[in-house]
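Spelled out from the first residue to the last, the chains are:
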Amino acid sequence: LEVARALVGALAVLGAVCAAFAVLAPPPGAPAYAISTFTAAAAMGDEEARRGAIGLAAVVRFGLTTLSSAGLGADVPIGAVQQVAVVVLASLAMPIYAHAVHVVARAMSAAALADHPMRAAGCGLALTAAVGAAFALVEGWRLIDGLYFAVVLLTTVGYGEPDLVPATGAGLLILAAATLLATGVFSFALAVVHRAVIGAEPPLSSLLVGLAGYAAVFAGGLWLLDGVPLGDGLYAAGISVMTVGYGDVVPGSTASRVLVAVAVVPALGLMAAVNAAMSVVAARVIAWAAGKRYGVASISHTELVMGVLVAAGGYVVFGGAVFALMQSGSGGGAFEGAATPHSAPHALAIGCYWASVSLLTLGFGDVVPVSAAARLVTLGYLGCGLGLVEAALEHVRIIVVDSLGLDGGASARQRWQAAYTSVAHRLESHRHPHAAAIRRAITAAKPRAASPSPGNRRRPRSLAELVALWKRPRAGEAKLE
């Protein structure tokens, strides 16, 4: 039943995104005040031709690649109304789709792959081979190109090379199966392998050294095999490991495609750990801004959710302002594909659209940085903000899934217990004096489907209050129960 609920939710949001892309597109010949113009992939045709060529295949392909955050860039929103609708819908729909992918992956592979890294590695390789061979067979690609596209799709990097875009009906069916079924299992298997290799909480210095090594291999390989300048290669390495994949710098030969596919996969685990660390930093900053004396331990869940969502929205506006300043200061040469700003609000709108698409890791490729300064700012902006946006999307997922009952009807007490157990584990890793007692107490408290607690036994509203209760064991135990 839980899998069925999750699949129904995924199909519903897929239909909403596809409808927005199909219905809100400006008709051929109609003037459109677009936030951005599509110029990054000229091989896909000019804007007027693209307006008249939006068919069912393009709509379905756009919906699947957007919700899976691959964002191939073969189909992009081109009107201001369509662009705003796609960004808003994607922000709300991607967490629901990710929940469905997670539920399906857990049902299919959690018991078989958990704590078995070798088995997980074999499963990931088998999935890549199966998806790549299927695409090569139905689309008429070479097998090596199909395998490369499978890696780019399953890792959600999504460069969107014009010669590797599924266009047949069978290809779209494989794309749907890959994004909804294979992507989750692949991510789960990858997480198991990464946890076995680098540990549950590796030090940040080790992660940065690993990412530096990955960037050197990536950039050096593109320089040797394709003649790509080292600066462009380092930029492409950063954009790829963040799974944004604008598609402006891509491997051009078979050898470089193999190198990129092999290099990106192990680096994704390092980047995921860095994003998790940045999300913790963001929570601490939010607690500090809220005036909480004891940091994250003293902030309530509601305050944390509101703080994360507001901070994510503010970060998007900040990115839009930086974009507008750089674009106006360089005479329009910092970013390619951006429509010429007619006013400060228009420039800010372009920047907010670019920031939203980038932070959602869609990377359509319709607005890309071209100058060295713009690329450096882009890497820094995304590196600092992806963890915050991932935390915001996770909170949106929890709110929407709980509201729609897509989680199988878990009680509020079970969710509260799981949340506090997670926080207690984290505090224990930071040598919090009462974390061990909190963890043991919460683990011992069995979730019940009983009647609501009496009014005088309300549950603690913050971890600091729970700590205070556990300093008085008897009273604390009574109130916790």
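Reading guide: rules and limits
Residues numbered from 1 in each chain as written. Predicted model: local features only at pLDDT ≥ 70, side-chain atom pairs only at ≥ 80, totals over all residues. Heavy atoms only, no water. Helix = DSSP H or I, 4+ residues; strand = E, 2+ residues; numbered from the N terminus. Buried < 20%, exposed > 50% of the residue type's maximum accessible area, 1.4 Å probe, protein only. Contact = heavy atoms within 4.5 Å. Areas by Shrake-Rupley, 256 points an atom, 1.4 Å probe, with all protein chains shown as cover. Expected span 1.5 Å × (residues − 1). Bend = angle between axes of the 7 residues up to and from the residue. Patch = residues over 30% accessible without salt bridge, like charges linked within 9 Å, V, L, I, M, F, W, Y side chains within 5 Å. Salt bridge = Lys/Arg side-chain N within 4 Å of Asp/Glu carboxyl O. Core = buried A, V, L, I, M, F, W, Y, C linked by side-chain atoms within 4.5 Å. Domains from an automatic or database assignment. UniProt positions renumbered as here; feature names shortened; annotations may be inferred. Phe/Tyr/Trp six-rings, centres within 6.5 Å; stacked < 30°, edge-to-face > 60°.

K.L.:
Hey, could you run me through the overall build of the protein chain in this one?
P.N.:
Along the backbone of the protein chain there are 17 helices and two strands. Counting over 481 residues, the protein chain shows a buried share of 48%. Summarising the internal contacts of the protein chain: among those between residues at least 6 apart in sequence, 77% fall at separations of at least 24. Total accessible area computed for the protein chain in this model is approximately 21,500 Å², and 68% of it derives from carbon and sulfur atoms.

K.L.:
I'm lost on helix α10 (residues 254–289) in this one. Help?
P.N.:
An ideal rise of 1.5 Å per residue puts 52 Å on 36 residues; α10 measures up with 50 Å between its terminal C-alpha atoms. Along α10, the sharpest change in direction is near 30 degrees and occurs at Ala267.

K.L.:
What is the right way to read the side chain of Thr243 from this model?
P.N.:
Its place among the elements puts Thr243 in the loop between α9 (230–241) and α10. Ignoring sequence-local partners within four residues, the contact set of Thr243 consists of Ser69, Thr155, Thr156, Val157, Leu268 and Thr361.

K.L.:
Is there a simple way to think about a nonpolar patch on the surface in this case?
P.N.:
There is a patch of nonpolar side chains on the surface, built from Trp223, Leu224, Leu225 and Leu230 and spanning about 440 Å² of accessible area. Sort the elements by how many residues they give to the nonpolar patch and helix α8 (residues 204–226) lands first, with three residues. Residue position: Leu230 is located in helix α9.

K.L.:
Would you mind showing me how to read the nonpolar core here?
P.N.:
A general feature of soluble globular proteins is that nonpolar side chains tend to end up buried together. Judged by nonpolar contacts, the single largest core of 114 residues is most densely connected at Tyr214, Phe218 and Leu382. For this core, the element with the most residues is α10, which contributes 14 residues. The residues that make up this core include at least three from each of domain 1 (1–69 + 76–104) and domain 2 (301–403). Sequence-distant contacts of Leu382, defined by excluding residues within four places in its chain, comprise Ile239, Met242, Val244, Tyr246, Ser358 and Leu359.

K.L.:
Help me understand the UniProt feature "transmembrane region" (unreviewed entry) in the protein chain in this model?
P.N.:
Feature annotation in UniProt assigns "transmembrane region" (unreviewed entry) to the following positions: residues 84–105, 117–138, 172–193, 205–225, 258–283, 304–326 and 346–365. For residues 205–225, the end-to-end C-alpha separation is 30 Å, with 100% helix and 0% strand making up the annotated structure.

K.L.:
Can you help me understand helix α3 (residues 56–67) in this one?
P.N.:
Along an α-helix, residues three or four positions apart point the same way, because every turn accommodates 3.6 residues. Taking 1.5 Å as the rise per residue, α3 with twelve residues should run 16 Å; its terminal C-alpha atoms sit 17 Å apart, in good agreement. Among the twelve residues that make up α3, nine are buried, leaving the element largely enclosed by the rest of the structure. Of the positions making up α3, those classed as buried are Ala58, Val59, Arg61, Phe62, Gly63, Leu64, Thr65, Thr66 and Leu67. A positive backbone phi angle near 65 degrees is found at Ser69, which sits one or two residues after α3.

K.L.:
How should the environment of Leu362 be read in this particular structure?
P.N.:
With respect to the helices and strands, the residue Leu362 is situated in the loop between α12 (344–359) and β2 (368–369). Classification of Leu362 as buried rests on a relative accessible area of 2%. In sequence terms Leu362 and Thr66 are 296 residues apart; their C-alpha atoms lie 6.5 Å from each other. With residues up to four places along the chain from it excluded, the contact list for Leu362 reads Thr66, Ser69, Ala70, Gly71, Ala90, Met94, Val244 and Val357.

K.L.:
What should I look at first to understand the packing of aromatic side chains in this one?
P.N.:
Aromatic ring pairs are defined here through the distance separating the ring centres and the angle between the ring planes. Applying the stated criterion across every chain, the model contains 13 aromatic pairs. Between Tyr315 and Phe318 the ring centres are 6.0 Å apart and the planes differ by 40 degrees, which places this aromatic pair in the tilted class. Separated by three residues within a single helix, Tyr315 and Phe318 lie in helix α11 (residues 301–329), roughly one turn from each other. Aromatic side chains Phe323 and Phe335 sit 4.4 Å apart centroid to centroid with 45 degrees between the ring planes, which places their arrangement in the tilted category. Of this pair, Phe323 sits in helix α11 while Phe335 sits in strand β1 (residues 335–336), placing them twelve residues apart in sequence.

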